[in-house]
Amino acid sequence: MKGNSTLKGVSLLAGVILLAAGSAHADQTLRDRANAIFKPVPEEVTEIRGKQVIAEQVELGHKLWFETRLSRSHLISCNTCHNLSIGGGDNVQVSIGHGWQKGPRNNPTVLNAVFNAAQFWDGRAADLKEQAEGPLQAAVEMNNTPERIEETLNSIPEYVDEFTQVFGGDNPVSFDNAAQALAAFETTLITPNAPFDQFLKGDDEALTDLQKKGLGAFMDTGCVACHNGVNLGGQAYFPFGVVKRPGADVLPLEDKGRFAVTSTATDEYVFRASPLRNVALTPPYFHSGEVWDLEQAVAIMGDSQLGRELAPDDIEAITAFLQSLTGDQPQVTLPILPASTAATPRPDDEVITETREALNQ
């Protein structure tokens, strides 16, 4: 009897070992497929398109990121709409800017934006520096001008000293240099060590079984045609509705996407593929900001982009996989900014009046 018990124990142990070996083989096969399509977020970015990231520019850009005096109203900073505490966006359908105006599109996250081929939903900014220049001047956002921004920064001795140390030259306090500093700071807004990254690097336990199933479904259903690389998107442009155009509630007819940039008919309703890093942190979804539920967004993508109704189990699994894309969030301290002087341009009185009236309504 004792011999039979021993044999049963040996058989059970052998079965467990075989099962584990099979699971490990399946994980490695899944990992090999994924590594051919995706790449982990690096621990740091040391250069942008061949240009070295300069630490002193990053430090200055860190201050400017929270500088509300870069806006005409002295109420709005970069962090107002790209809140680093909540995933680098603002978690509203469209951002509220100068004079309580609503922006035309949902706000993309700035986290990992350094890995995108271009910036904004329509790709109208080639890089982070050009992107930084846009909101500073946009009437619906910060509504300022390069000249007023330079006047403001030049009126504050601490900023003059820092710009001079960082950039040097005859005109260190310039709009161009301010945008460059902001771009340098944005290179630090990356989120490495997501569970998915850990899986790509060899940790079989980093993903749950459901997330592994979702990764497989994400690749098998064709999502990777648009969402690949380090950022799982952000590299190319595609029609919203490759197979079936969504309704006007999700795809507003008046917003023709990249067509506004190129004036090319084939670019109507074409948008940059949304990067999916930290997507669980950044509802609502799509450029219209009309969809708040991540599972619903996955279902819409299956229908409009792939031409297939995804099974509920696949939607659940893909959504679980997307949740594994949340990485370590940037640890950013609140900077202490220099005080204004008598020469600093004052907030726009008209804006202050509009704000008070809006608050009193």
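For clarity, every value in this text was computed on a predicted model and none was experimentally measured.

Definitions and limits used
Residues numbered from 1 in each chain as written. Predicted model: local features only at pLDDT ≥ 70, side-chain atom pairs only at ≥ 80, totals over all residues. Heavy atoms only, no water. Helix = DSSP H or I, 4+ residues; strand = E, 2+ residues; numbered from the N terminus. Buried < 20%, exposed > 50% of the residue type's maximum accessible area, 1.4 Å probe, protein only. Contact = heavy atoms within 4.5 Å. Areas by Shrake-Rupley, 256 points an atom, 1.4 Å probe, with all protein chains shown as cover. Core = buried A, V, L, I, M, F, W, Y, C linked by side-chain atoms within 4.5 Å. Patch = residues over 30% accessible without salt bridge, like charges linked within 9 Å, V, L, I, M, F, W, Y side chains within 5 Å. Salt bridge = Lys/Arg side-chain N within 4 Å of Asp/Glu carboxyl O. Lys, Arg positive; Asp, Glu negative; His and termini not counted. Charge placed at Lys NZ, Arg CZ, Asp CG, Glu CD. Expected span 1.5 Å × (residues − 1). Phe/Tyr/Trp six-rings, centres within 6.5 Å; stacked < 30°, edge-to-face > 60°. Lys NZ or Arg CZ within 6 Å of the ring centre and 35° of its normal. Polar contact = N/O pair within 3.5 Å; in protein donor to acceptor, adjacent residues only side chain to side chain.

**Observations concerning the overall build of the protein chain**
No. 1: Of regular secondary structure, the protein chain possesses 13 helices and four strands.
No. 2: The dimensions of the protein chain, computed from C-alpha atoms along their principal axes, are 95 × 45 × 40 Å.
No. 3: Burial status across the protein chain gives 48% buried among its 361 residues.
No. 4: In the protein chain, of all internal contacts separated by at least 6 residues, the share reaching a separation of at least 24 is 72%.
No. 5: Accessible surface computed for the protein chain: about 17600 Å², of which carbon and sulfur atoms make up 54%.

**A short note on the nonpolar core**
No. 1: Phe 38, Phe 196, Leu 215, Phe 218 and Leu 322 are the most contacted members of the largest nonpolar core, which totals 36 residues.
No. 2: Counting residues per element, the ones that place at least two in this core are helix H1 (2-35), helix H8 (195-200), helix H9 (209-220), helix H11 (294-305) and helix H12 (312-323).
No. 3: Apart from the residues within four sequence positions on either side, Phe 218 is in contact with Phe 38, Cys 223, Val 224, His 227, Leu 232, Leu 276, Ile 318, Phe 321 and Leu 322.
No. 4: Counting 29 residues, the second largest nonpolar core, distinct from the first, contains Leu 70, Leu 111, Ile 156 and Phe 175.

**A word on a negative patch on the surface**
No. 1: Residues Asp 293, Glu 295, Asp 313 and Glu 316 make up a contiguous surface patch of negative charge.
No. 2: Relative to the assigned elements, Glu 316 resides in helix H12.
No. 3: A relative accessible area of 39% means that Glu 316 is categorised as partly exposed.

**As for helix H7 (residues 175-186)**
No. 1: Given a rise of 1.5 Å per residue, 12 residues ought to cover 16 Å, and the 17 Å separating the end C-alpha atoms of H7 matches this to within 8%.
No. 2: What H7 keeps buried is the set Phe 175, Asn 177, Ala 178, Ala 179, Ala 181, Leu 182, Ala 183, Ala 184, Phe 185 and Glu 186.
No. 3: Buried residues along H7 sit against strand E1 (47-48), helix H2 (55-65), helix H3 (78-81), helix H4 (128-137), helix H5 (146-154) and helix H6 (157-167).

**Let's talk about the pattern of salt bridges**
No. 1: Under the counting rule described, the total for this entry stands at 13 salt bridges.
No. 2: Note that Arg 105 is salt-bridged to Asp 122, the shortest N-O span being 3.0 Å. Highlighted residues: Arg 105 in the loop between H3 and H4 and Asp 122 in the loop between H3 and H4, separated in sequence by 17 residues.
No. 3: Among the charged side chains, a network of salt bridges with common partners joins Arg 105, Asp 122, Arg 124 and Asp 255.

**Focus: the packing of aromatic side chains**
No. 1: Across all of its chains, the model carries seven aromatic pairs by this definition.
No. 2: Relative to Phe 321, the ring of Phe 196 lies with its centre 5.1 Å away and its plane at 85°, an arrangement referred to as edge-to-face. Residue Phe 196 is located in helix H8, and its partner Phe 321 is located in helix H12; the two are separated by 125 residues in the primary sequence. Of the two residues examined, Phe 196 and Phe 321, each falls in the buried class.
No. 3: Ring centres of Phe 240 and Phe 286 lie 5.2 Å apart, and the angle between their planes is 55°; on these two criteria the pair is classed as tilted. Linking Phe 240 in the loop between strand E3 (237-239) and helix H10 (259-262) with Phe 286 in the loop between strand E4 (270-272) and H11, this pair joins segments that are 46 residues apart in sequence. Both residues of the pair, Phe 240 and Phe 286, belong to the buried class.
No. 4: An aromatic cluster is defined as three or more aromatic residues linked by ring pairs; in this entry it consists of Phe 38, Phe 196, Phe 218 and Phe 321.
No. 5: Cation over ring: Arg 31 sits above Phe 199, and NZ or CZ is 4.6 Å from the ring centre.
No. 6: For Arg 124, the ring lying beneath its charged end belongs to Phe 120, and the centroid distance is 3.7 Å.

**Re the side chain of Asn 231**
No. 1: Relative to the assigned elements, Asn 231 resides in the loop between H9 and E3.
No. 2: What makes Asn 231 buried here is its relative accessible area of 2%.
No. 3: Separated by 3.0 Å, the side chain of Asn 231 and the backbone oxygen of Asn 112 make a polar contact.
No. 4: In this structure, Asn 231 is in contact with Asn 112, Phe 115, Asn 116, Pro 275, Leu 276 and Arg 277, ignoring residues within four places of it in sequence.

**Examining unusual backbone geometry**
No. 1: Here the amide bond leading from Pro 283 into Pro 284 is cis, since omega sits at 0°, within 30 degrees of zero.
No. 2: When you line up the elements, Pro 284 lands in the loop between E4 and H11.
No. 3: One non-glycine residue, Arg 49, adopts positive backbone phi at about 50°.
No. 4: Position of Arg 49 among the secondary structure elements: in the loop between E1 and strand E2 (51-52).
No. 5: Positive phi is not limited to glycine here, since Tyr 269 has a value of about 60°.
No. 6: Along the chain, Tyr 269 falls in the loop between H10 and E4.
No. 7: By relative accessible area, Tyr 269 is classed as buried at 6%.

Keep in mind that these numbers describe shape and distance, not what the molecule does.
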